[in-house]
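Here is what each chain is made of, one letter per residue.
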Amino acid sequence: MAATAATPVTPTEPDPDRCVNEEESRGAEAEEVNTQQQTGPAAAVSHSRLSKLPLARIKALMKTDPDVSLASQESVFIIAKATELFVEMIAKDSLVYAQQGKRKTLQRKDLDNAIEAIDEFAFLEGTLD
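Residues numbered from 1 in each chain as written. Predicted model: local features only at pLDDT ≥ 70, side-chain atom pairs only at ≥ 80, totals over all residues. Heavy atoms only, no water.

Looking at an unreviewed UniProt entry, one finds the chain named DNA polymerase epsilon subunit 4, with Perca flavescens as its source organism. Per UniProt, the chain carries the Subcellular location (unreviewed entry) text "Nucleus". Under the UniProt heading Subunit (unreviewed entry), the entry covering the chain gives this text: "Component of the DNA polymerase epsilon complex consisting of four subunits: the catalytic subunit POLE and the accessory subunits POLE2, POLE3 and POLE4. Interaction with POLE3 is a prerequisite for further binding with POLE and POLE2." (UniProt positions renumbered as here; feature names shortened; annotations may be inferred.)

If you want it as structure tokens, here you go:
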């Protein structure tokens, strides 16, 4: 019987173009499914991390409407995200007018200009008066 010599194996750098094996891809898919199907208190915690606005305050504001008696966590989160996107949109559009005036700070006149110029903000006309 011949003796075989063990050859040292040197670690190689991972190839970014290599295919992911089946076990790794199944693990990634399982994580995606788990994050998408969260419900209950764990989902509420993840919603609060995704929102920049305080969800409790938004829920309290929603309940000031006499037509709203109950508000689910999902509906509160959706309202919070919609509000964030709206504020971001009007701020970016107002920034264009501030930059035209060679300023970095938004002023009321920039908001007024954005509201007057963009049809999507027509419902806001006269609200800053």
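On we go.
Here the focus is the packing of aromatic side chains. Overall, the coordinates contain 2 aromatic pairs when judged by the stated rule. Judged by centre distance (5.9 Å) and plane angle (85°), the rings of Phe86 and Phe121 are edge-to-face. Residue Phe86 is located in helix α4 (residues 73-100), and its partner Phe121 is located in the segment after α5 (108-117); the two are separated by 35 residues in the primary sequence. Since its relative accessible area comes to 30%, Phe86 is described here as partly exposed. Taking relative accessible area as the criterion, Phe121 reaches 1% and is therefore assigned buried. For the pair Phe86 and Phe123, a centre-to-centre distance of 6.2 Å together with 40° between the ring planes defines the contact as tilted. Taken together, the residues Phe86 in helix α4 and Phe123 in the segment after α5 connect sequence positions 37 residues apart. Assessed through its relative accessible area of 59%, Phe123 is described here as exposed. Ring pairing ties together the aromatic residues Phe86, Phe121 and Phe123, which thus form one cluster. (Phe/Tyr/Trp six-rings, centres within 6.5 Å; stacked < 30°, edge-to-face > 60°. Helix = DSSP H or I, 4+ residues; strand = E, 2+ residues; numbered from the N terminus. Buried < 20%, exposed > 50% of the residue type's maximum accessible area, 1.4 Å probe, protein only.)

This part is about the pattern of salt bridges. In this structure the tally under the stated criterion is 4 salt bridges. Its salt-bridge partner being Arg103, residue Asp110 comes within 2.8 Å of it at the nearest N-O pair. The partner of Asp112 in a salt bridge is Arg108, and the shortest N-O contact between them spans 3.9 Å. Taken together, the positions of Asp112 and Arg108, both in helix α5 and 4 residues apart, correspond to about one turn of that helix. (Salt bridge = Lys/Arg side-chain N within 4 Å of Asp/Glu carboxyl O.)

Compared with an ideal rise of 1.5 Å per residue, which puts 28 residues at 40 Å, α4 spans 41 Å between its outermost C-alpha atoms and is within 8% of the ideal. For α4, the complete set of buried residues consists of Val76, Phe77, Ala80, Glu84, Ile90, Ser94 and Ala98. Two residues or fewer after α4 comes Lys102, characterised by a positive phi angle close to 60°. (Expected span 1.5 Å × (residues − 1).)

Where helix α3 (residues 55-63) contacts α4, the axes come no closer than 9 Å and their chain directions differ by 100°. One element, α3, and the other, α4, form an angle in the roughly perpendicular class. From α3, Leu55, Ile58, Lys59 and Met62 reach across to α4, where they touch Gln73, Ser75, Val76, Phe77, Ile79 and Ala80. Residues of the contact of α3 with α4, tallied by class, amount to 7 nonpolar, 2 polar and 1 charged. (Axes fitted to C-alpha atoms, helices over the stretch in contact; angles between N-to-C directions. Parallel < 35°, antiparallel > 145°, perpendicular 65-115°, else oblique. Contact = heavy atoms within 4.5 Å. Nonpolar A, V, L, I, M, F, W, Y, C, P; charged D, E, K, R; others polar.)

Bringing the environment of Ile115 into the picture now. With respect to the helices, strands and loops of the structure, Ile115 is situated in helix α5. In the structure, Ile115 is positioned 11 residues away from Gly126 in sequence and 9.2 Å away in space, judged by C-alpha atoms. Excluding anything up to four places from it in sequence, Ile115 contacts Ile90, Phe121, Ala122, Leu124, Glu125 and Leu128.

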